[in-house]
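Structural overview for review
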Amino acid sequence: MSVTNVAEPVSDTRLDQLSVDTIRTLSIDAVQQAKSGHPGTPMALAPLVYTIWNRVMRFDPEDPIWPNRDRFVLSNGHASMLLWSVLHLTGTQAVNADYERLGHPSVSLEDIRRFRQLGSKAPGHPEYHWVSGVETTTGPLGQGVATSVGMAIAQKWLADRYNQPGFPIFDYSIYAVCGDGCLMEGVASEAASLAGHLGLDNLCWVYDNNHITIEGQTSLAFTEDVAGRFLAYGWNVLRVGDANDLDRIEHALSVFRTTKGRPTFIVLDSHIGYGSPHKQDTAAAHGEPLGDEEVRLTKRSYGWPEGAQFLVPDGVREHFAAGVGARGAAARSAWTALLASYRAAYPELAGEIDQMQRRDLPAGWDHNLPVFPADAKGMAGRDASSKVLNVLAQSIPWFLGGSADLGPSNKTTLTYEGAGSFQAGTPGGKNLHFGIREHAMAAIVNGLSLSKLRAFGATFFIFSDYARPAIRLSALMELPTIVVFTHDAMGDGEDGPTHQPVEQLASLRAIPGLVTLRPGDANEVVEAYRYVMQLRHQPAVLVLSRQPLPTLDRRTYAPATGVARGAYVLADPPGGNPEVILIASGSEVSLAVQAHDRLIAEGIRSRVVSMPSWDIFEHQTPEYRDSVLPPAVKARVAVEQASAFGWERYVGTSGHVIGMRTFGASAPLKALQEKFGFEPDRVAVAAKELLAKR
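Here we take up the state of the cysteines. Inspection of every chain in the model, using the stated rule, returns zero disulfides. Residue Cys 178 stays outside any disulfide, its sulfur separated by 5.5 Å from that of Cys 182, the closest cysteine.

Attention now goes to the pairing of strand E4 (residues 174-179). Counting buried positions over the six residues of E4 gives six, a clear majority of the element. Burial along E4 is two-sided: Ile 174, Ala 176 and Cys 178 and Tyr 175, Val 177 and Gly 179, pointing in opposite directions, are all buried. Bridge count between strand E1 (residues 71-74) and E4: four bridges; the pairing is parallel. Counted as the bridge partner of Phe 72 is Tyr 175 from E4. As paired strands, E4 and strand E5 (residues 203-209) are joined by six bridges and run parallel to one another. Its bridge partner lying in E5, Val 177 is registered against Val 206.

Okay, the pattern of salt bridges next. For the structure on display, the rule yields 34 salt bridges. A salt bridge links Asp 269 to Arg 239; the nearest nitrogen and oxygen atoms lie 3.1 Å apart. Of this pair, Asp 269 sits in strand E9 (residues 264-269) while Arg 239 sits in strand E8 (residues 236-240), placing them 30 residues apart in sequence. Each of the salt bridges in this network shares a partner with another, and the network as a whole consists of Asp 488, Arg 509, Arg 518, Glu 588 and Glu 640.

On to the sheet that holds E5. Spatial strand order, E1-E4-E5-E9-E8: five strands in an open sheet with parallel pairing. At either margin of the open sheet sits one strand with a lone partner, and together these are E1 and E8. Here the strands of the sheet are splayed against their neighbours by 20° on average, with no regard to which way each runs. Running at roughly 165° to E4, helix H5 (residues 143-162) makes contact with E1, E4 and E5 of the sheet.

Another point: the packing of aromatic side chains. The geometry of an aromatic ring pair is captured by two quantities: the separation of the ring centres and the angle between the planes. Scanning the entire structure with this criterion turns up 26 aromatic pairs. Pairing Phe 463 with Tyr 466 gives two aromatic rings, centres 5.8 Å apart and planes at 10°, and the pair type is stacked. A relative accessible area of 18% places Phe 463 in the buried class. Through pairs of rings, three or more aromatic residues link up here, namely Trp 205, Tyr 207, Phe 230, Tyr 233, Trp 235 and Phe 265. Over the aromatic face of Trp 130 sits the side chain of Lys 121, whose NZ or CZ is 3.5 Å from the ring centroid. It is Lys 675 that lies over the ring of Phe 676; its NZ or CZ is 5.4 Å from the centre.

Parameters at a glance
Residues numbered from 1 in each chain as written. Predicted model: local features only at pLDDT ≥ 70, side-chain atom pairs only at ≥ 80, totals over all residues. Heavy atoms only, no water. Disulfide = S-S within 2.5 Å. Buried < 20%, exposed > 50% of the residue type's maximum accessible area, 1.4 Å probe, protein only. Helix = DSSP H or I, 4+ residues; strand = E, 2+ residues; numbered from the N terminus. Pairing = 2+ DSSP bridges. Salt bridge = Lys/Arg side-chain N within 4 Å of Asp/Glu carboxyl O. Axes fitted to C-alpha atoms, helices over the stretch in contact; angles between N-to-C directions. Contact = heavy atoms within 4.5 Å. Phe/Tyr/Trp six-rings, centres within 6.5 Å; stacked < 30°, edge-to-face > 60°. Lys NZ or Arg CZ within 6 Å of the ring centre and 35° of its normal.

Written as structure tokens, this is what we have:
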């Protein structure tokens with residue numbers, strides 16, 4: 001008689017622990033092999049991430065971008081191995097930029113073996129544009145949780161517009177994990193305050209309370225009552241005293257899902273480097289490998305094979321498949337069926353959802369954009385922008401945005417009937433009120449864009465310094481966000497140098513992938529928006545004037561459609577063949593035109609080039625660039641009320657830049673223009689001096 005030995009079934013509890021320890025050991029091994037990384041937080045938070053993903057979250061690894069999935073944000077992005085481990089163990093599939101599933105895993109075990117190496121899908125921090133399953137790029141602390149507020153606002157707005165009785169098309173939740181570093185950063189405080197005000201009950205932050213930062217105990221610099229702070233913000237605050245207690249974590253998350261009218265903040269008491277005999281609860285577990293001997297001892301404490309590396313025990317992948325895999329597939333299948341019925345009942349709304357998800361635009365979205373007649377007195381860039389925004393918001397249902405408490409000054413308030421304000425009781429409003437929170441505003445706009453809305457934020461250009469970190473991340477993520485900056489130069493005169501941007505244009509132009517546009521009149525503003533709205537993978541900033549700028553007569557000057565080329569020949573001498581080129585952006589375009597007229601009157605063959613965007617111009621063909629700026633014409637003058645830094649690329653060593661080399665001053669605009677040389681005669685003189693040197 002033969003006997004077949006049957007292994008004892010592995011209990012769910014045992015599989016839970018085995019899965020948690022797999023996440024821990026994959027993280028330990030990856031950091032150790034890379035000789036770089038942060039092992040301590042993954043060791044501490046593996047139970048939390050396991051519980052969120054395998055017990056709670058609605059996420060289908062087979063389709064990581066289905067619109068009604070729950071979102072997971074790892075704000076303390078240095079713990080990226082948590083995410084790479086769970087994406088690998090769940091078998092999350094890769095998706096490309098065209099939203100096509102590629103038929104291979106998002107993160108392979110080989111990627112994890114090559115953690116932090118060139119080309120690996122397991123980079124040092126989560127990167128949205130690089131790895132499927134990453135909802136937002138994180139690493140700069142505080143950015144992730146701030147972005148999650150944008151995601152939560154987006155869900156509320158989407159639900160208000162698209163959900164119908166019996167059709168909960170958008171009802172997902174947002175889970176964000178953060179640490180002490182995130183909560184020390186001001187951007188998180190800004191975002192948390194706004195989230196509490198808006199009562200975003202679809203948002204849950206879990207705070208890794210381990211009392212350790214790089215320098216040592218948090219008591220060195222961080223002794224506030226964090227729970228008390230979030231209670232004051234209007235959040236529901238819970239506490240889980242043991243980060244290893246899966247059931248208590250799951251219970252806290254269930255309380256979140258039943259809490260209405262306020263976001264949830266869970267304080268999770270944890271031990272950084274959990275299981276390491278000599279490094280648990282120390283700063284040494286934060287930002288460096290454990291070391292070979294400590295790795296061996298730590299694995300022993302887990303009951304793990306001490307010599308095994310990158311081990312995924314039998315049953316672990318299957319356990320994730322039976323958990324998040326099965327739950328997510330069922331949720332997506334039910335949602336897909338629901339959407340099919342919805343499409344039959346509400347075809348127009350379903351069509352909007354389709355277009356929005358593809359980042360397409362409705363037919364005729366730009367048909368009603370204004371065309372401004374020639375006007376010597378002109379119109380401020382911000383006023384032209386206001387008219388365009390109100391057209392776009394009516395033509396594109398999912399276009400919305402707002403200002404950092406400067407709507408009346410930025411002229412970004414949507415004033416058409418029915419626009420409304422987004423508040424807790426009116427989540428369908430299109431006017432977002434960010435309060436005086438520029439940094440959080442830009443991060444929230446990123447979250448809105450990640451949710452496929454077309455969103456804009458706005459403030460004075462000088463405060464781009466506050467918004468810049470999140471704008472940089474929008475470029476890194478290749479998101480089509482829009483930030484509207486007004487008061488672009490010295491037009492606010494008497495406010496003085498604290499409010500007069502000098503170096504900001506150069507700073508934003510330096511960000512790879514960011515389109516910076518400084519239009520020169522009302523029609524250039526229109527064309528700037530026309531260009532920007534068609535972007536799918538690039539963010540843009542518009543830099544607009546406070547003061548009126550002459551609206552050029554386009555029967556005399558080249559059409560404003562040249563904005564789409566970044567720079568274009570606005571005016572030429574009779575018969576062409578210029579001997580000197582005047583290049584300008586924004587408010588200085590009309591100044592260059594006046595100087596051009598004077599030069600032409602003196603028989604000097606002058607060309608005016610309007611250059612609203614360096615970035616767009618640099619992406620034109622060499623032939624086009626040479627046609628605008630002929631290499632043979634060395635006499636060139638650039639005029640811009642901003643730092644002269646960088647203009648040498650266009651004027652060359654023989655040219656001249658009339659720009660700012662100091663900060664501004666407090667005085668009326670006309671006095672400032674005279675003091676700093678922004679006058680037609682000064683431009684004309686500079687051109688003639690260059691010609692005299694030939």
